[in-house]
Structures are given as C-alpha cells and as structure tokens.
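Fold and contact review
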Amino acid sequence: MSLRSGGRQLSFELLAGAGDLTADDADDISPRSLPDTTSDGQRRRRRRSKRKRGFRSPPIDEAASEGEQPRGEGGGDAAAAFRITDLRSAVETVCESSEPERSAASCVSYVGVELRQRTVSRGERVLAASAEDGASSCGSSTRESAAAAAVAADVAAAAWRPEANGGVKKKLEKEESLDWEKYMKENSNILGEVERIDNSPFSYFLGELYGGNSLRSTIAVGNEKKRQRVYNTMFHVPWRCERLIVAGFFVCLDSFLSLLTIMPARIVVTIWRVLKTRKFRRPNAADLSDYGCFIVLALGVASLQMIDISLIYHVIRGQGTIKLYVVYNVLEIFDKLCQSFGEDVLQVLFNSAEGLSVCSTDNVTFELMRFLLDEAIAVVAFVVHSFVLLAQAITLSTCIIAHNNALLALLVSNNFAEIKSNVFKRVSKENLHNLVYYDIIERFHITAFLLFVLAQNILEAEGPWFDSFLINASLVFLCEVLIDAIKHSFLAKFNEIKPVAYSEFLEDLCKQILNDKPDDRQKDLTFIPLAPACVVIRVSTPVYATLLPAGPFIWRIFWILLWSVLTYFMLAIFKILVGLILRCLANCSEKIISCGA
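This one's a predicted model, so the numbers in the text were calculated from it and none came from an experiment.

Okay, the overall build of the protein next. The secondary structure content of the protein amounts to 24 helices and zero strands. Excluding contacts between residues fewer than 6 apart, the proportion of contacts in the protein whose partners are at least 24 apart in sequence is 83%. Summed over all atoms, the accessible surface of the protein reaches about 36,200 Å², with 62% contributed by carbon and sulfur.

As structure tokens, this is what we get:
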C-alpha cells in the first residue's frame, strides 16, 4: 500500500531520529504529548469505526508543523518498499536509547511481531495498512513517537491478540484435536485396559468358563411383562380355553338332547291338541320350525339306513396309512363347509316358517311353496352333512381297529396340520371367538365318532375289546385337548391377546345359556345337531335291534316301543340335569367374571 502524502517522513525515519534525543530532552516532554487514557480510548474507538467503514482519515502532519523535513515525492515508492525487517531495524535503534524509549520500542516490536503474524495470516495488504496506521500515530519528537507506538501496540494487541477473538486459538486446538496418534499416545486407556489375549485353547476355555453362559450375552434379560407372557402361554390361556370348550361342549350336548327330547314332545303335544279339539289352526313359527327339523332328521336317518357301513369300512380300510389320514382331513374340511352352509340353510328355513305363519290368506300358497322349497334344500344339505360325518366316523374307527399305528399317524397328521394352518396367521379377537366355537363343535363331533366306534365294537368285536377302546378313546381326547391348548396358547401369544379374552367369551356363552341377550345373536355358539343326531341314531339302531327278542311281529313292536320310551326318559332326565347344571354354572360364572372385572 502506498503512503497517502508524499511530503511526510516515514515511520522508520522518525524512529531512527529518536535515538539522537538526550535524557534532558526527555525530561522536557510536555504532558500534552503523553498518552491519555481517555484520548487513547476515543482514538481506539475512532480507528475501529473507520476500519469498519473501510477508509482512513488523513494523518496529521505533525512533522511539518514543527519544521521537520517535508516528505519527498518518492514517498509512495518508499512505502511500497516498507517491510517488517526495516521496522525491526528501526526498533533496535530506538531500543539503544533511554528506558522509556526502550519500553516504547518493545511495544513497537510487539506491534511488528503482530504485524508479521498478520501478514502471514491475512496478507501483505492488511500488513501495509497496519504499518501506515502505526506510522501515522508517531509524533515529531521521540517521546511523542514512543507514546504513539505504545498506543498502536495497545490497539494491535487488543485487536489481534489470539485471546481477544479466539480464532487462532480455536483453529490450533482443532488441529491438535485432529491429531489422532498424538491423542491416543497421551490417552492410551481411553477404550479401557487392553490386555494381550492368549490364543491358546486352554486359556480360551478358561475364559469361557469364568465368563458365564454365552446365551446371556445374546439374549436380553426379561422383565415382569415377559414373565407374565410365559405364564399366560403355559397356564392361564390353556386353562381358560379348556374351561370355555368344556362349557361349550355341554351347551352342544344340551342342544343335542333338546333335539331328541323337547322337539318330539312338542310335536306330540301339537298333534294331541289337534286331535282333541278337532280344529286345525295355522301353526306358529316355532311349530313350523319343529316340523321342518323333524322332517330333516327323519329323512336323514332314513337315508343313512340305506348305506352299507361295512362296505364303506372295507373300502377305507383297504387304503394305505397315508391315504387314510388324507381322507380324514378331506372329510374334516367338508364338515366345516357343511356346518357353515347348514347354518345359512336353517336360518332361511326358519324365516320361511315365520313368513308362512303370519302371511295373509292370499299369500298362503306362495309362502307354502317357498317353505317346501327351503325344506327340500335343508334335507339335501343335512343328508350330505350326515354322510360326511358318517364317513369320518368310519375312518376313525378304521384307524382305531387297525394294528399298524394308523391312529397315531392320523392324530399326528391331523392335529399338527391344524396347528400349522391356524397358529402362524394374524387372528383378530372376533376370529378367535369363532375359532373357539369351531373347536367346541369339533370336540362334540369327536364324541359322536367315539360313540360310533363303541357301537361298532359292540356289534362286531370279538374277545376283550373294552380296554383297548378306552385306551384309544382316551388317546384321541388327550391329543385333542393338548392340540387345542397349544394352538390357542400360541395364537394368543403371537396376536398379543390376553387370557381375559377367553373369560369374555365365556361370559357371552353364559348370557346365551341364560337368554340375557335375545337381540344380539352375533356372538352366540351356533350348533346344529341334526347331522350328528342322524349319525348317532343310525349307529345305535343296530345295537337296539340286538336287544329285541325273537317272536311275533306284535311282540317285537312292543319291545321297540318299550326301549324307545325308556331311552326317551333316560335322555329327558339327562337333559334336565345338563340344563340345570348349565344354568347354575352360568349364574356362578357370570358373578365371578363380573366380580373379577
């Protein structure tokens, strides 16, 4: 940077002339030339504001006012040649004089060092500007130049000291912090004590021995929630699920006994009333529903009577073991399809019965035809369902009687296929509700199949057979209970369903038993005992036939009626006991559940 006025002396010439001052001259310095704190502060603020605005005020030509030599024309060239080395030489000349001058020179030296650092970091342009500021601050006399140099030193120190702005210090600290090797040498234990690992097998074994179980390092430690989840899977869900299935089983049994006892009694009472009054009245919806169910039951039993059970038995027994349980699984699938379709068919039949009972005289023919059509569809549907159940019972009987572990293969394949098809699926609470009801109906169907096996053993078995029958029947029931427990435990675990859900299902079942919710039938256990009743009647008829004595036809009719009445009374008593027990248990369970809630 070139000097602004060429007629002014350079700062190093002033510093060089300061060496000719004597001590006496130093004593004659006026107080006006000494630096003042207030003026220094004002001068500093003035310079900072000027630097911020980007221009310099013209320096005061103190040398010209005191009669010093005017600047030459070549001042710009001399300023261009101004360097730090010249400044240092001028400072050394000044420092050879008196103590005040030495102190001023030391300040100027400090300014030179700062200027040099500034030159390195900011460039020669900034250094020339600082040199010009330092030169302009010097006076004509040596003491004034020393005072100006001190002021310039204070300004430079305040402006460019590393502690003032923190830029250089932060940069140096950052560069030192990035020196990873130096940092690791100084902090060798930053990652903990590093010991040399002995790679010998014995040392490795000892390390594993004293290090504890390796599974603990791979499995997180559980909490009370995990503990409760384990207990739910092992104890709470199986217990509540089995309690619900047992209660539902007795509900199905009550419905089955009602079909065999209440429905015939209602039909007999209706016929007796017509014969007694000799007046035919249009039956109501309940009576028409009873007539329709009785017709379906009678035609279903008659259709199954025409089927040769021994022929089907030998056809199924002639198959291999693998084909045997495949046939059973196929029949089970058709059983569930027939259950779903039979429910819809029976609802349509009851709707037709209600429409026929309340229709006007003009629409009687139409309603009657629709009722008969729905009755025919119901007969076909339940006859097919009865045949499916009969074939399934014959297959189970074949597996039990066979001596090649066919029953075990059947149970393993069927039950674990059921687990595979249900456990690993996302199931909602409503779907789980329906799934429990399917398991209840399946449990009742298995009971009907075992009754069929018992009847077949009574008719055809030779030698001691009852012990083996009990063992096989117990095995079938235990496997069914175990598979249901496993299935529902893991369904509840995978779908995060709490055991209290099964208590809610039981509460709905208790309300169904007590008829507390006649308007809400969506959560009821829907069991249609028509097809199982057809199978049981079909397999029990030959057993009763063996009890009839030989004799005339009228005598045989008498024994048939006698056994029928005895059987009916036995079933009626059983129905009363089951119904009363169910009502008592429903009341107790509802109170317990309400208290627990």
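Back to the text.
Quick look at the environment of Leu 408 now. Following the sequence through the fold, Leu 408 ends up in helix H19 (residues 406-422). Note on Leu 408: relative accessible area 47%, which makes it partly exposed. In the structure, Leu 408 is positioned 68 residues away from Val 476 in sequence and 9.0 Å away in space, judged by C-alpha atoms.

Attention shifts here to the side chain of Gln 339. Position of Gln 339 among the secondary structure elements: in helix H17 (residues 321-358). Setting aside chain neighbours within four positions, we find Gln 339 in contact with His 385, Tyr 438, Ile 441 and His 445.

On to the side chain of Asp 439, then. Structurally, Asp 439 can be placed in helix H20 (residues 429-460). On the basis of relative accessibility, which here comes to 2%, the residue Asp 439 falls in the buried class. Of the polar contacts made by the side chain of Asp 439, one reaches the side chain of His 488; its length is 2.6 Å. What Asp 439 contacts, discounting residues up to four positions off in sequence, is Ile 245, Glu 418, Asp 484, Lys 487 and His 488.

The next thing to look at is the packing of H20 against helix H23 (residues 530-547). Running from N to C, H20 and H23 point in directions that differ by 20°, and their axes come no closer than 10 Å. On the basis of the axis angle, H20 is roughly parallel to H23. Remark: the crossing between H20 and H23 carries left-handed chirality. Packed against H20, whose contacting residues are Phe 444, His 445, Ala 448, Phe 452, Ala 455 and Leu 459, the element H23 presents Pro 532, Val 536, Val 539, Pro 542, Val 543 and Thr 546 at the interface. Partitioned by chemical class, the residues of the contact of H20 with H23 number ten nonpolar, two polar and no charged.

Once that is clear, we can look at a positive patch on the surface. A grouping of Lys 225, Lys 226, Arg 229 and Lys 498 is seen on the molecular surface, where their side chains present a positively charged patch. Structurally, Lys 225 is set in helix H14 (residues 224-277). For Lys 225, a relative accessible area of 70% translates into the label exposed.

So, about unusual backbone geometry. Although it is not a glycine, Glu 496 adopts a positive phi angle of roughly 55°. On the secondary structure map, Glu 496 appears in the loop between helix H21 (466-494) and helix H22 (500-514).

What describes two packed helices is the angle between their axes and the distance between those same axes. At a minimum axis distance of 11 Å, the contact between H20 and H21 shows a crossing angle of 175°. Taken together, the axis directions place H20 and H21 in an arrangement best described as roughly antiparallel. Contacts between H20 and H21 involve Leu 432, Leu 435, Val 436, Asp 439, Glu 442, Arg 443, Ile 446, Thr 447, Leu 450, Val 453, Leu 454 and Asn 457 on the former and, on the latter, Phe 469, Ala 473, Val 476, Phe 477, Glu 480, Val 481, Asp 484, Lys 487, His 488 and Leu 491. Residues of the contact of H20 with H21, tallied by class, amount to 13 nonpolar, three polar and six charged.

Right, let's talk about the UniProt feature "transmembrane region" (unreviewed entry) in the protein for a bit. Residues given the UniProt feature "transmembrane region" (unreviewed entry) here are residues 244-274, 294-316, 376-394, 525-545 and 557-582. Note that residues 376-394 is 100% helix and 0% strand, and that its end C-alpha atoms are spaced 27 Å apart. Between the C-alpha atoms that bound residues 557-582 there is a distance of 37 Å. The span itself is 100% helix and 0% strand.

Cut-offs applied
Residues numbered from 1 in each chain as written. Predicted model: local features only at pLDDT ≥ 70, side-chain atom pairs only at ≥ 80, totals over all residues. Heavy atoms only, no water. Helix = DSSP H or I, 4+ residues; strand = E, 2+ residues; numbered from the N terminus. Contact = heavy atoms within 4.5 Å. Areas by Shrake-Rupley, 256 points an atom, 1.4 Å probe, with all protein chains shown as cover. Buried < 20%, exposed > 50% of the residue type's maximum accessible area, 1.4 Å probe, protein only. Polar contact = N/O pair within 3.5 Å; in protein donor to acceptor, adjacent residues only side chain to side chain. Axes fitted to C-alpha atoms, helices over the stretch in contact; angles between N-to-C directions. Parallel < 35°, antiparallel > 145°, perpendicular 65-115°, else oblique. Left-handed = near helix turned anticlockwise from the far one by under 90°. Nonpolar A, V, L, I, M, F, W, Y, C, P; charged D, E, K, R; others polar. Patch = residues over 30% accessible without salt bridge, like charges linked within 9 Å, V, L, I, M, F, W, Y side chains within 5 Å. Salt bridge = Lys/Arg side-chain N within 4 Å of Asp/Glu carboxyl O. Lys, Arg positive; Asp, Glu negative; His and termini not counted. Charge placed at Lys NZ, Arg CZ, Asp CG, Glu CD. UniProt positions renumbered as here; feature names shortened; annotations may be inferred.

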